[in-house]
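Structural overview
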Amino acid sequence: MFTKQLFAIFGDPVSHSRSPLMHNCVFKNLNYPATYTRVHLKDGSKLKETFFALDLSGANITVPHKEAAFEACDAIRGFAQKVGVVNTIVNENGKLIGYNTDADGFMFAIKEFGAIKNVLILGAGGTAKALAARFLQDDIQVGIINRSQSRLPYFKELGCETFTWDSFKVSKYDLVVNTTSAGLKDEELPAPKNIINAVLENTSFVADAIYGKVTPFLKLAEEKNITYKDGADMLLGQGVLANELFVNSKLQKADISMFMQKSFEL
Ligand code: NDP
């Protein structure tokens with residue numbers, strides 16, 4: 001019997017997400033029998049029951065539920081095992097299998113910056129965990145600065161240098177990445193302005209995980225003539241890898257990538 005599969009993105013907020021457009025563009029143009037929607041989920045502990053209530057074949061998870069998604073899965077594969085953060089779930093015969101495609105998506109996005117040896121990550125949430133572990137895997141030095149202390153011990157144990165706003169000491173960086181949600185729905189900087197000015201004056205490149213807008217952080221980078229990029233290529237990179245998992249390799253990666261890229265022009 002012909003069944004059309006349903007996929008979704010879970011988040012809070014989620015209305016800004018371009019994932020439905022990206023995945024639907026691939027499904028439609030490659031005649032893959034599936035649709036992708038968005039679900040505004042406030043309570044991360046309800047992820048699993050909502051997933052099954054909607055009879056989903058797979059999902060992406062965005063802020064702030066990626067750690068809850070890890071907990072919701074029956075099994076975890078690949079890089080997600082290392083970081084405890086899941087952004088992609090596939091329904092395999094009623095079992096939820098969790099993956100993380102954010103980290104490799106980000107590495108794809110920063111290829112054009114060339115060799116990176118020293119990174120400062122602003123924020124200590126799910127995205128920061130995935131990126132820190134992925135950088136360390138490539139022997140890239142990682143510093144983390146976060147608004148609050150409680151999430152930092154995890155990163156210290158991983159091998160990062162960690163700071164709160166109060167204890168921060170600036171050094172030289174190849175790349176500074178904003179993984180906080182400051183600037184997503186507001187006009188805030190990810191840290192006090194004196195700290196942001198200091199890090200921007202000591203870095204070659206800047207990236208923001210947020211896409212679809214020039215955040216206050218990126219505006220400051222622009223004012224200082226620093227080469228920067230927003231989160232669009234990271235979004236594309238993670239989306240292509242997630243789509244490959246959703247369609248269980250039934251579509252060619254190059255085709256997925258081409259149509260996903262096209263969706264950015266819509
Ligand atoms: P989490 O909720 O896991 O972590 C959020 C982090 O941001 C925490 O460290 C938190 O600090 C910090 N934070 C939140 N608000 C502020 C603020 N006003 N000032 C300073 N710090 C703040 O989020 P995720 O890691 O899942 O996502 C983070 C961002 O990355 C989101 O904007 C998301 O949209 C984006 N993203 C983009 C992707 C892409 O493909 N382009 C992929 C993944 C994420 P504290 O610990 O003190 O609360």
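Above this note sits the structure.
The rules we used
- Residues numbered from 1 in each chain as written.
- Predicted model: local features only at pLDDT ≥ 70, side-chain atom pairs only at ≥ 80, totals over all residues.
- Heavy atoms only, no water.
- Core = buried A, V, L, I, M, F, W, Y, C linked by side-chain atoms within 4.5 Å.
- Buried < 20%, exposed > 50% of the residue type's maximum accessible area, 1.4 Å probe, protein only.
- Helix = DSSP H or I, 4+ residues; strand = E, 2+ residues; numbered from the N terminus.
- Contact = heavy atoms within 4.5 Å.
- Axes fitted to C-alpha atoms, helices over the stretch in contact; angles between N-to-C directions.
- Parallel < 35°, antiparallel > 145°, perpendicular 65-115°, else oblique.
- Left-handed = near helix turned anticlockwise from the far one by under 90°.
- Nonpolar A, V, L, I, M, F, W, Y, C, P; charged D, E, K, R; others polar.
- Near = heavy atom within 4 Å.
- Polar contact = N/O pair within 3.5 Å; in protein donor to acceptor, adjacent residues only side chain to side chain.
- Areas by Shrake-Rupley, 256 points an atom, 1.4 Å probe, with all protein chains shown as cover.
- 1 Å grid on protein atoms, 1.4 Å probe; cavity = no way out; pocket = protein on both sides within 12 Å on 5 of 7 lines; lining within 4 Å.
- Sits in = over half its atoms within 2 Å of the grid points.
- Points joined across faces, edges and corners; volume = space filled by probe spheres on them.
- Pairing = 2+ DSSP bridges.

A look at the nonpolar core
- Counting 24 residues, the largest nonpolar core has F27, I256 and M260 as the members making the most contacts within it.
- When contributions to this core are tallied by element, the ones reaching two or more residues are β1 (5-11), α1 (19-29), β2 (34-40), β6 (95-99), α10 (232-246) and α11 (253-263).
- The element that contributes the greatest number of residues to this core is α10, accounting for 6 residues.
- Leave out the neighbours within four places in its chain, and M260 touches M22, H23, V26, L236, G239, V240 and N243.
- One finds I116, A128, L131 and V142 within the second-largest nonpolar core, a separate group that totals 23 residues.

Observations concerning the packing of α1 against α10
- Where α1 contacts α10, the axes come no closer than 11 Å and their chain directions differ by 50°. Relative to α10, the element α1 is oriented oblique. Once α1 is placed against α10, the crossing between them reads as right-handed. Judged by residue contacts, S19, M22, H23, V26 and F27 of α1 engage L235, L236, Q238, G239, A242, N243 and F246 from α10.
- Across the contact of α1 with α10, the residue classes tally to 7 nonpolar, 5 polar and no charged.

Quick look at unusual backbone geometry
- For the bond from D12 to P13, the omega torsion is 10°, close enough to zero to count as cis.
- We note that N31 has phi near 50°; this positive angle belongs to a residue other than glycine.
- Structurally, N31 can be placed in the loop between α1 and β2.
- Residue N31 is classed as exposed on the basis of its relative accessible area of 68%.
- Of note in the backbone geometry, D55 takes a positive phi value of approximately 55° without being a glycine.
- With respect to the helices, strands and loops of the structure, D55 is situated in the loop between α2 (47-53) and β3 (58-61).

Description of the site of the ligand
- Around the ligand, the surrounding shell holds 28 residues, and the nearest of these are T127, N146, S148, R151 and A209.
- A124 places a polar main-chain atom, nitrogen or oxygen, 2.8 Å from an oxygen atom of the ligand.
- Side-chain polar atom of R151 to an oxygen atom of the ligand: 2.7 Å apart, as the coordinates give it.
- Contact with the protein chains covers 90% of the free accessible surface of the ligand, which is 940 Å².
- For the ligand, the cavity whose grid points lie within 2 Å of the majority of its atoms is the largest pocket.
- Elements with a minimum of two residues in the shell around the ligand: α6 (126-137) and α10.

Description of the layout of surface pockets
- Roughly 1100 Å³ of internal volume is contained in the largest pocket.
- Of all the secondary-structure elements, those providing two or more residues to the lining of the largest pocket are β3, α3 (66-72), α6 and α10.
- Looking at the lining of the largest pocket residue by residue, the classes come out as 18 nonpolar, 18 polar and 9 charged.

Concerning the pairing of β3
- Where burial is concerned, the two faces of β3 agree: the one with G58 and N60 and the one with A59 and I61 are both buried.
- In this sheet, strand β5 (residues 88-92) lies alongside β3 in antiparallel orientation, the contact comprising 3 bridges. Following the sheet pairing, G58 is matched in β5 by V90.

Here's the deal with the sheet that holds strand β12 (residues 227-229)
- Here 6 strands make up an open sheet; going across it, the order is β9-β8-β7-β10-β11-β12 and the pairing parallel. Of all the strands in the sheet, just β9 (161-164) and β12 have a single pairing partner and so form its edges. Adjacent strand axes in the sheet meet at a mean angle of 20°, parallel and antiparallel pairs treated alike.
- Examined bridge by bridge, strand β7 (residues 118-122) and strand β8 (residues 141-146) share 5 bridges and lie parallel to one another. Among the inter-strand pairings, I121 is bridged to a residue of β8, identified as I144.
- Where helix α9 (residues 216-223) meets the sheet, its contacts fall on β7, β10 (173-178), β11 (203-208) and β12, and the angle it forms with β11 comes to roughly 150°.

Quick notes on the pairing of β5
- Here 5 bridges tie β5 to β6, and the two strands are oriented antiparallel to one another. Paired with E92 across the bridge in β6 is K95.
- Taken together, β5 and the strand that follows it, β6, pair antiparallel across an intervening segment of 2 residues, in which N93 is found at a positive phi of about 50°.

Honestly, that's just the spatial picture; any functional story needs more than this.
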